Amino acid sequence: MRIAVTGASGNVGQGLVPLLEEGGMDLLLIGRDPGLLGSLFQKQDACLPEELGTRGQGCHFVLHLAAMNDDKAGTQEEFDAVNRDHALAVMSQAATAGIPRFVYVSSVHALDAGNHSAYAESKRRSETALRAAAAGISVEVLYLPAVQGKRFTGRLAPLNRIPRGFRGIAFRVLSALRPTVSTERLAAYLLAGAPSGEDDRRILSDRQQGNAVYSTMMRLVDYAFALSVLFALWWVLLAAWLAVKWESPGPGVFKQPRVGRHGHIFTCFKFRTMQLGTVQAGTHEVTASSVTRVGAILRRTKIDELPQVWNILRGEMALIGPRPCWPVQTERVAERTRRNVLDVLPGISGLAQVEGIDLSDPVRLARRDADYIALRGILPDLNLILKTARGGGQGDRVQGE
């Protein structure tokens, strides 16, 4: 496979190119200083951006790493000139060379609608401009968090000043806070042909896999929440149970089979909010008339979810994660399996639920759950907890609510 790479002389490129060479990939390096590229990577061809139209024939895709990153100061116009206008010029040359794909490397900062920095804005503008200008070439966007290689770059650069023996520990702590991706994972993705995601977008991260700091801290948060509910709000649990039993016949706590981590079926506990005999189906498939008066209050205040603290203590659920679905919802299970959503514990609340996405749209829901797993970290999870406490998390609604 032969690909063209811009920005190879940057921090990410210098760590990535040797890994691609080891993987047997043939590279055409694009930059303003081909001499510098030749000295850094003596085994690979190099040319100017304006030469890509003639030198790039036969390349399978362009990897556009060149960027003005957020560790630089500049005006919006300066960021746009590099991150948008230069990308458009390179894509035009790629189309001339007959290269079928243009993989634009963006940042997870661009996915945050609340981030209005010149950098994030330029990345969003670039994606829009590239898709609008694409003619005879496929534009795909690859969203990356902080990239970790042999040397730390960008906002992780201060780690290079820490003694080597403690550097790995410090990185695990920082990477537990927010998502990161290793150059090895990025290289493996490219060596596999850079498979495009849905809507020609993909978020690539280490997904907190193997990060004991993240898993330990979030489980402590889970257990602290569960125990706080049991010891401080026991009277709320008792009052809710009595109210449910008083208003309508049937159990106070409703047991539901749900699909958990790795597809294992577990029993989920909730206060009963519907009339006895209501069909067991997804919440969105049940009418509002089935909800009792007490149940409506419990659902509005989220008190109906509190018995799930028992699922947390049993290790079946987390406070934050993808909402679990029913085993009979085969389409939803299949969508989650395909996107590896079932790799993590389901949650009482989660990103999709806070954003109001319910089980009625299985594809959109599974995609957003996959986004959560790629973007998760201690700080994003805590932010979801706060949003839920402030009234978010109304995704599981019945018909008519």
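The paragraphs below set out a description of the structure included in this document. (Residues numbered from 1 in each chain as written. Predicted model: local features only at pLDDT ≥ 70, side-chain atom pairs only at ≥ 80, totals over all residues. Heavy atoms only, no water.)

1. A short note on the nonpolar core
Nonpolar side chains tend toward joint burial in soluble globular proteins.
Here's step 1: In terms of nonpolar packing, the biggest core is built from 29 residues, with Tyr 214, Leu 298, Met 317 and Tyr 372 touching the most fellow members.
Here's step 2: Those elements giving two or more residues to this core turn out to be helix 8 (212-232), helix 9 (234-247), strand 11 (265-271), helix 10 (293-301), helix 11 (309-313), strand 12 (318-320), helix 14 (362-375) and helix 15 (378-389).
Here's step 3: Once you skip the residues sitting within four places of it in the chain, Tyr 372 turns out to touch Tyr 214, Ile 320, Gly 321, Pro 322, Leu 351, Asp 381 and Leu 384.
Here's step 4: Among the nonpolar cores identified, the runner-up in size contains 26 residues, and Leu 20, Phe 61, Ala 187 and Leu 204 belong to it. (Core = buried A, V, L, I, M, F, W, Y, C linked by side-chain atoms within 4.5 Å. Buried < 20%, exposed > 50% of the residue type's maximum accessible area, 1.4 Å probe, protein only. Helix = DSSP H or I, 4+ residues; strand = E, 2+ residues; numbered from the N terminus. Contact = heavy atoms within 4.5 Å.)

2. So, the layout of surface pockets
Here's step 1: Computed from the structure, the second largest pocket encloses a volume of approximately 570 Å³.
Here's step 2: Lining the second largest pocket are 18 residues, and of these Arg 202, Ile 203, Arg 207, Arg 339 and Ala 370 sit closest to its centre.
Here's step 3: Among the elements of the structure, helix 7 (183-191), strand 9 (201-203) and helix 14 are those that each provide at least two residues to the lining of the second largest pocket.
Here's step 4: Here the lining of the second largest pocket takes 4 residues from helix 14, the largest share from any one element.
Here's step 5: Tallied by class, the residues present in the lining of the second largest pocket amount to 5 nonpolar, 4 polar and 9 charged. (1 Å grid on protein atoms, 1.4 Å probe; cavity = no way out; pocket = protein on both sides within 12 Å on 5 of 7 lines; lining within 4 Å. Points joined across faces, edges and corners; volume = space filled by probe spheres on them. Nonpolar A, V, L, I, M, F, W, Y, C, P; charged D, E, K, R; others polar.)

3. What to know about the side chain of Arg 201
Here's step 1: Residue position: Arg 201 is located in strand 9.
Here's step 2: Discounting chain neighbours no more than four positions away, the residues touching Arg 201 are Leu 111, Val 141, Tyr 143, Arg 367 and Asp 371.

4. Quick notes on the pattern of salt bridges
Oppositely charged side chains are able to pair whenever their charged atoms sit close together.
Here's step 1: Counted under the stated rule, the structure contains 27 salt bridges.
Here's step 2: We note a salt bridge from Asp 371 to Arg 368, for which the minimum N-O separation is 2.9 Å. Highlighted residues: Asp 371 and Arg 368, both in helix 14, separated by 3 residues, approximately one helical turn.
Here's step 3: Owing to a relative accessible area of 22%, Arg 368 belongs among the partly exposed residues under this scheme.
Here's step 4: Through salt bridges with shared partners, a single network forms among Glu 198, Asp 199, Glu 335, Arg 338, Arg 339 and Arg 367. (Salt bridge = Lys/Arg side-chain N within 4 Å of Asp/Glu carboxyl O.)

5. Focus: helix 5 (residues 118-133)
Here's step 1: Look at helix 5: 22 Å from first C-alpha to last across 16 residues, which is about the 22 Å you get at 1.5 Å a residue.
Here's step 2: Residues of helix 5 that are buried make contact with helix 4 (76-96), strand 5 (101-107) and strand 6 (138-144). (Expected span 1.5 Å × (residues − 1).)

6. Structural notes on unusual backbone geometry
Here's step 1: Look at Asp 200: it is not a glycine, yet its phi comes out positive at around 55°.
Here's step 2: Tracing the chain through its elements places Asp 200 in the loop between helix 7 and strand 9.
Here's step 3: Given a relative accessible area of 28%, Asp 200 falls into the partly exposed group.
Here's step 4: Even without a glycine there, the phi angle at Arg 207 is positive, about 60°.
Here's step 5: Mapped onto the fold, Arg 207 is located in the loop between strand 9 and helix 8.
Here's step 6: Classification of Arg 207 by relative accessible area gives buried; the value is 16%.

7. Considerations on the side chain of Arg 339
Here's step 1: When you line up the elements, Arg 339 lands in the loop between helix 12 (330-338) and strand 13 (347-349).
Here's step 2: What makes Arg 339 buried here is its relative accessible area of 11%.
Here's step 3: A polar contact of 2.3 Å, which involves the side chain of Arg 339, links it to the side chain of Glu 335.
Here's step 4: Those residues in contact with Arg 339 that sit more than four places away from it in its chain are Glu 198, Val 363, Ala 366, Arg 367 and Ala 370. (Polar contact = N/O pair within 3.5 Å; in protein donor to acceptor, adjacent residues only side chain to side chain.)

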